[in-house]
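Residues per chain, in single letters:
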Amino acid sequence: MSKLKSIALWAYVVAIMFPFFFLLLLSLSSDWRYPALLPEYFGLKNWVQVVGTESGLAYSFFISLVISLSVAVTATLSGFFISRYVSYHKKKGLLTMLTYFPYILAPVVFGACLSYYFLRIGIFGTTAGVIIAQFIIAFPYALIFFSSFWNEKIKNYENLVSTLGGNRWTTFTKVLLPMAKGLMMVCFFQTFLISWFEYGLTSIIGVGKVQTLTIKVFLFIKEANFYYGAMSCCLLIIPPVVLIYINKRFVFNKLI
Amino acid sequence: MRYLLFIVLLISACAPNAKESEINLDQLSWKDITQKAEGSTVNFMMWQGSPVINDYINNYLIPTVKEKFNIELRITGGQGPEIVQLIMGEKQAAVKSGQVDMVWINGETFFQLRQIDGLWGPFVESLPNAQFVDFNDQFIGIDFQQKVNYMEAPWNVSQFALFYDSARVTTPPTNLEELEDYVKANPETFTISNDFSGMTLLKSFLSELSGSPEGLNGPFDESKYEKLSSELWEYINRNKQYFWKKGTTFPKEHSKMDQMYANGELLLGFGFGEGGIEEKVNQGLFPKSTKGYAWENGTIKNANYLGIAYNSTNKPGAMTVINFLMSPEAQLRKASPDGMDSNTILDPSKLPSEWQAKFEEMPKRKYGPEMADLEDKAIQEPDPKYMIRLFEDFRTQVIEK
Amino acid sequence: MKNRGYIGILFFILIGITPFALSFGYALLYSFGVIGVANSGFTLEFWKAVFESGEFVKSLFYSIAIALVSTVISVSLALWFTLAFEKKLRGRILSFVIYLPLAIPGIVASFFTVQVLSKAGFFSRLFNKIGITSGISDFPDLINDPYAIGITLVFISVVMPFFLLLFLNVYQNERVAELAELSRSLGASERQTIWRVSLPVLIKKTWTLIALYFIFLLGAYEIPLILGEESPQMLSVLIVRELKQFDLSKISEGYVVAVIYTVIVSIATILLFSNRKSQDIHE
């Protein structure tokens, strides 16, 4: 049994790491056809070709980071606080149920319909418009995410702190935030990634004037040349990996 | 609080209608137009999935129009359906100042945009470089049996072609009978994508069944379509057990077919741009043994175009850029087989002799056929109704059976 | 305090609910041809067309089956990993590694799956090299396949890592280890402890998110687009196919499908919640 268990654990770790290595290898390859197990060409050709013909990749990276960080921070924090109001509200059940509705409308349809109102209101083609649009998607997610956090136990803690003379600020900083930090981390990443990988709505609301990295490289993934596709995948997933690393190393560890 | 929000919404609801630019071409000379364009920004929505095209745009077009006309050209990603969706959305929301000025479209999108009056024009005859284009050429002046009427400016012209891996297939099929033999001998190495490209191939098949390359010309003919298409579905259903995945499903997109050809799963492929193989072989995607060829009864030849959105706020700017894209200089650069590798829409006989010579000196393709080689096998794009019906019936008569 | 609560709820309604309500209204009007540039006024024709084709029903059941199977497998796997490796997964390296799958979005996972599991993909080549298969056609159909194996695999690979992180967090927050300890000291067997204590706590705390991810999978687009068959198609793929179709006069059919889908899932959600509520009272 324990042998089976450790095989399972190793298999999971390998399954997680394999795509990263394989995509990197594929992005450095060319002339790789069945039944060859290894590519005929291995080198930087694809990267040089695509990076050389694209302009402003660095700027796109920067603007993506700004958008995603704004969305993730605001959605996580507002989701955390507002879910408290929702959870403690008399009509908690009804409100929680309503939170699901944005997702009941399939995202593709939500995007198509929402874009009409964005066009109507005139907030498109700007970074702010894109942030608002992505926030609308990320916020209900954060709400649902935190809804399981608030319960009688937490409420009792809150009451206890105020009985002991702590104000609301100490309640949050000393009790609630430390208790929620693990969940907040996961929520922060999920909302960051929702925003980072958002394509449909961003392309409509941003109409090419807000060129996020995803908008720039997404296209190659669906095109014929899968070597370029693999390269685009790398460009998309490396920044979040680095962010996870930094966060684990410097933020998360300090919190503990 | 609530009232405040309402007011904010109300104010912003009026915002998109604030500015509008309508110009009257009758009263403006070309010089006036370029003057108006000077220092402006043009938003160009186009497909960005190819590095060689992006290279042409980012490293040649954008700096050149900046230098020559002081125009800031901004590229927006989006092809056919996205362009239609955006313009339809803007129309729906009554947006008067649109987000894009010029769009790169093919006949399919042109047909859709004409239906919703999404294009501004006619403007093409006002462009100085239009003098080098032969609008009587049926492959340029007519798009899907519809007169272009100067509503869109031709940019590239290309012919649909098939290709095969000559290292693994010795004689590729050139008609339906040979295709039947081919799939039986090489099962699961051929399929038809359920998209624009696949339907274009089916149009060639329909044309063959009609008995002549001109068989589908003219307006849509219901009884002709019924007869030919039922023969076609019968043919496909009879043979689809030898297609990719035994014909239980078909690839959604043409790019997926190219991928499967690239890794060796398929041995036959097809596409516009005389097969579009030059770039893909150069990239190391397709094997060097890839060869392009035309169908015996002919394959569709058509042009793709540049249009101006009905609500563009910078029509003079868009016209200036489009005119430049039609210039001998820009067209020559685009024709290089190492670059964008696309055929010029200019009529060489109308060009000044120095330019004629330059076009002639252009090196030939190494892998793909030249358009001139396929010329006698070119057929016209039939009425769009054929495409609508093929899309519908390919699903109900083949995929879902 | 009272006032603040009011603002919180207002914000919630404004951002959380209004966009949905507006979008649903838009889809509803579009489905009846009231709006839409290529439409010419109120008609029931699109609704009739959708019901007559029967494609929607097939697509709905197909989507529910795939989403359900994927959710159940993902949750089970994640629970098993949580209970089996709770301590190990908090180690320095593993605690970083288990976050990594979050960085891979559905489209990248699908792209990767095509590259490794297609008939000419990496594993097919590997099997060919070591002599298990003798050519492309020997390799099993794993993507664009009739049993949606490819879609299910990628769904699991995208969702399961998230549940693992979630369960690990809840495990710690709810002090499941201590509860389990307590239950064992009271004489419960290992089996009883897992089934009667640990699992119920983990699931009770997370069922809202499990339900949410089921809905996500039901409405997923990119993954089934790349890995699915042309027929039947998952709902979002079907809807987008209709919305982006060549024949502009039939776009409304896409909105019809969207509206029916939304209504059905809404009803299901309402039922789920009202059930849940009565259960909560009994507990």
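Basis of the calculations
- Residues numbered from 1 in each chain as written.
- Chains lettered and ligands numbered in written order.
- Predicted model: local features only at pLDDT ≥ 70, side-chain atom pairs only at ≥ 80, totals over all residues.
- UniProt positions renumbered as here; feature names shortened; annotations may be inferred.
- Helix = DSSP H or I, 4+ residues; strand = E, 2+ residues; numbered from the N terminus.
- Buried ≥ 20, exposed ≤ 12 C-beta atoms within 10 Å, placed from the backbone.
- Contact = placed C-beta atoms within 7 Å.
- Pairing = 2+ DSSP bridges.
- Axes fitted to C-alpha atoms, helices over the stretch in contact; angles between N-to-C directions.
- Domains from an automatic or database assignment.
- Nonpolar A, V, L, I, M, F, W, Y, C, P; charged D, E, K, R; others polar.
- Parallel < 35°, antiparallel > 145°, perpendicular 65-115°, else oblique.
- Right-handed = clockwise from strand over helix to strand, strands pointing away.
- Core = buried A, V, L, I, M, F, W, Y, C linked by C-beta atoms within 7 Å.
- Expected span 1.5 Å × (residues − 1).
- Bend = angle between axes of the 7 residues up to and from the residue.
- Left-handed = near helix turned anticlockwise from the far one by under 90°.
- pLDDT = per-residue confidence, 0-100.

In the annotation of an unreviewed UniProt entry, chain B is listed under the name ABC transporter substrate-binding protein and assigned to Portibacter lacus.

Chain A is annotated in an unreviewed UniProt entry as Sugar ABC transporter permease of Portibacter lacus. Turning to chain A, the UniProt record has this under Subcellular location (unreviewed entry): "Cell inner membrane".

Draft legend 1. Spatial organisation of the overall build of chain A. Scanning chain A for helices and strands turns up 11 helices and two strands. When the helices and strands of chain A are listed from N to C terminus, the series reads α-β-β-α-α-α-α-α-α-α-α-α-α. In terms of overall dimensions, chain A has C-alpha extents of about 70 × 60 × 30 Å along its principal axes. Buried positions account for 50% of the 256 residues belonging to chain A. Pairs at least 24 apart in sequence give 70% of the contacts found in chain A among residues at least 6 apart.

Draft legend 2. A look at the UniProt feature "transmembrane region" (unreviewed entry) in chain A. Residues and elements named next belong to chain A. If you check UniProt for "transmembrane region" (unreviewed entry), the listed places come out as residues 7–28, 57–82, 94–117, 123–146, 183–206 and 226–246 in our numbering. Strand forms 0% of residues 7–28 and helix 95%; the C-alpha atoms that close the span are 31 Å apart. A distance of 30 Å separates the end C-alpha atoms of residues 226–246, which is 100% helix and 0% strand.

Draft legend 3. The arrangement of the sheet that holds strand β9 (residues 268–271) of chain B in detail. All names here are of chain B. Taken in spatial order, the three strands of this open sheet run β9-β8-β10, and their pairing is antiparallel. Across the chains shown, the open sheet's two edge strands, defined by having one partner strand only, are β9 and β10 (290–293). Going across the sheet, the axis of each strand differs from the next one's by a mean of 30°, ignoring polarity. Relative to β10, strand β8 (residues 161–165) is paired through four bridges, and the arrangement is antiparallel. By the bridge assignment, Tyr164 is partnered in β10 with Lys291.

Draft legend 4. Focus on the domain arrangement of chain A. Residues and elements named next belong to chain A. Domain annotation for chain A reports domain 1 (1–43) and domain 2 (56–255). Summarising the inter-unit geometry, the C-alpha centres of domain 1 and domain 2 are found 31 Å apart. Each partner contributes residues to the interface: domain 1 has six residues there, and domain 2 has six residues. A total of four residues in the side of domain 1 that touches domain 2 trace back to one element, the largest contributor, which is helix α1 (residues 2–27). A class-by-class count of the residues in the side of domain 1 that touches domain 2 yields three nonpolar, three polar and no charged.

Draft legend 5. Representation of the interface of chain C and chain A within the structure. With 68 residues of chain C at the interface, the matching set in chain A holds 63 residues. No other element matches helix α1 (residues 2–31) of chain C, which puts 15 residues into the side of chain C that touches chain A. Among the residues forming the side of chain C that touches chain A, the class breakdown is 46 nonpolar, 17 polar and five charged.

Draft legend 6. Quick look at the environment of A:Ser60. All names here are of chain A. By the secondary structure assignment, Ser60 is in helix α3 (residues 57–88). Given 20 C-beta atoms within a 10 Å radius, Ser60 is considered buried. As for Ser60 and Cys113, which are separated by 53 residues in sequence, their C-alpha atoms are 27 Å apart. Setting aside its immediate chain neighbours within four residues, Ser60 contacts Gln211, Thr212, Leu213 and Lys216.

Draft legend 7. Spatial organisation of the interface of chain A and chain B. Contacts between chain A and chain B engage 33 residues on the former and 36 residues on the latter. At the level of secondary structure, the elements contributing two or more residues to the side of chain A that touches chain B comprise α2 (45–53), α5 (107–121), α10 (213–222) and α11 (226–255) of chain A. Of the residues belonging to the side of chain A that touches chain B, the class tally is 16 nonpolar, 10 polar and seven charged.

Draft legend 8. A look at the packing of α1(A) against helix α5 (residues 106–117) of chain C. For the pair α1(A) and α5(C), interaxial distance at closest approach is 11 Å and the crossing angle is 75°. Relative to α5(C), the element α1(A) lies roughly perpendicular. Where α1(A) approaches α5(C), its residues A:Pro19, A:Phe22, A:Leu23 and A:Leu26 are matched on the opposing element by C:Phe112, C:Gln115 and C:Val116. Counted by class, the contact of α1(A) with α5(C) contains six nonpolar, one polar and no charged residues.

Draft legend 9. Region of interest: the UniProt feature "domain: ABC transmembrane type-1" (unreviewed entry) in chain A. Mapped onto this numbering, the UniProt entry annotates "domain: ABC transmembrane type-1" (unreviewed entry) at residues 61–247 of chain A. With 84% helix and 0% strand, residues 61–247 of chain A has its two end C-alpha atoms placed 18 Å apart.

Draft legend 10. Summary view of the pairing of strand β1 (residues 41–46) of chain B. Residues and elements named next belong to chain B. Counting buried positions along β1 gives five out of six residues, so the element sits mostly inside the fold. Once the chain exits β1 it traverses helix α3 (residues 51–69) before rejoining the sheet at strand β2 (residues 72–77), and the crossover so formed is right-handed. In this sheet, strand β3 (residues 102–105) lies alongside β1 in parallel orientation, the contact comprising two bridges. Bridge pairing links Phe44 to Met102 in β3.

Draft legend 11. Focus on the nonpolar core. Membership of the largest hydrophobic core comes to 272 residues, with the highest contact counts inside it found for A:Val109, B:Met102, B:Val321, B:Ile322 and C:Ile239. Among the elements that make up this core, the one with the highest residue count is helix α7 (residues 149–173) of chain C (16 residues). In this structure, C:Ile239 is in contact with A:Ala106, A:Val108, A:Val109, C:Gly254, C:Val257 and C:Ala258, ignoring residues within four places of it in sequence.

Draft legend 12. Quick peek at α7(C). Residue and element names in this part refer to chain C. Compared with an ideal rise of 1.5 Å per residue, which puts 25 residues at 36 Å, α7 spans 35 Å between its outermost C-alpha atoms and is within 8% of the ideal. Considering bend angle alone, the principal kink of α7 is centred on Val159 and spans about 25°; proline Pro161 follows within four residues of it. Where burial is concerned, most of α7 is hidden: 21 out of the 25 residues are buried.

Draft legend 13. Local environment of the packing of helix α3 (residues 55–85) of chain C against helix α9 (residues 190–218) of chain C. Residue and element names in this part refer to chain C. The interhelical angle for the contact between α3 and α9, taken along N-to-C directions, is 145°, at an axis separation of 10 Å. The two elements α3 and α9 cross, and the hand of that crossing is right-handed. Residues Ser63, Ile64, Ala67, Ser70, Thr71, Val75, Leu79 and Leu83 of α3 form the contact with α9, whose own contacting residues are Ile194, Ser198, Leu199, Leu202, Ile210, Tyr213, Phe214, Leu217 and Leu218. Across the contact of α3 with α9, the residue classes tally to 13 nonpolar, four polar and no charged.

Draft legend 14. Summary view of unusual backbone geometry. Across the junction of A:Tyr34 and A:Pro35, the peptide omega takes the value 5°, indicating a cis bond. You can see A:Pro35 is positioned in the loop between β1 (29–30) and β2 (41–42). Here the amide bond leading from B:Gly121 into B:Pro122 is cis, since omega sits at 0°, within 30 degrees of zero. By the element assignment, B:Pro122 lies in the loop between β4 (119–120) and β5 (142–143). Even without glycine at this site, B:Asp117 takes up a positive phi of about 55°. Tracing the chain through its elements places B:Asp117 in the loop between α5 (107–115) and β4. Overall, B:Asp117 belongs to the exposed group, with 11 C-beta atoms counted inside 10 Å.

Draft legend 15. Molecular detail of the confidence of the model for chain B. Residues and elements named next belong to chain B. Here chain B averages 89 in pLDDT, while 95% of its residues score no lower than 70. Across chain B, the element-wise mean pLDDT spans from 43 in helix α1 (residues 2–14) up to 97 in helix α8 (residues 222–239). Counted against residues more than four places away or in other chains, residues 1–20, with its pLDDT under 50, gives 17 contacts. The ipTM value of the predicted complex is 0.88, and its pTM value is 0.90.

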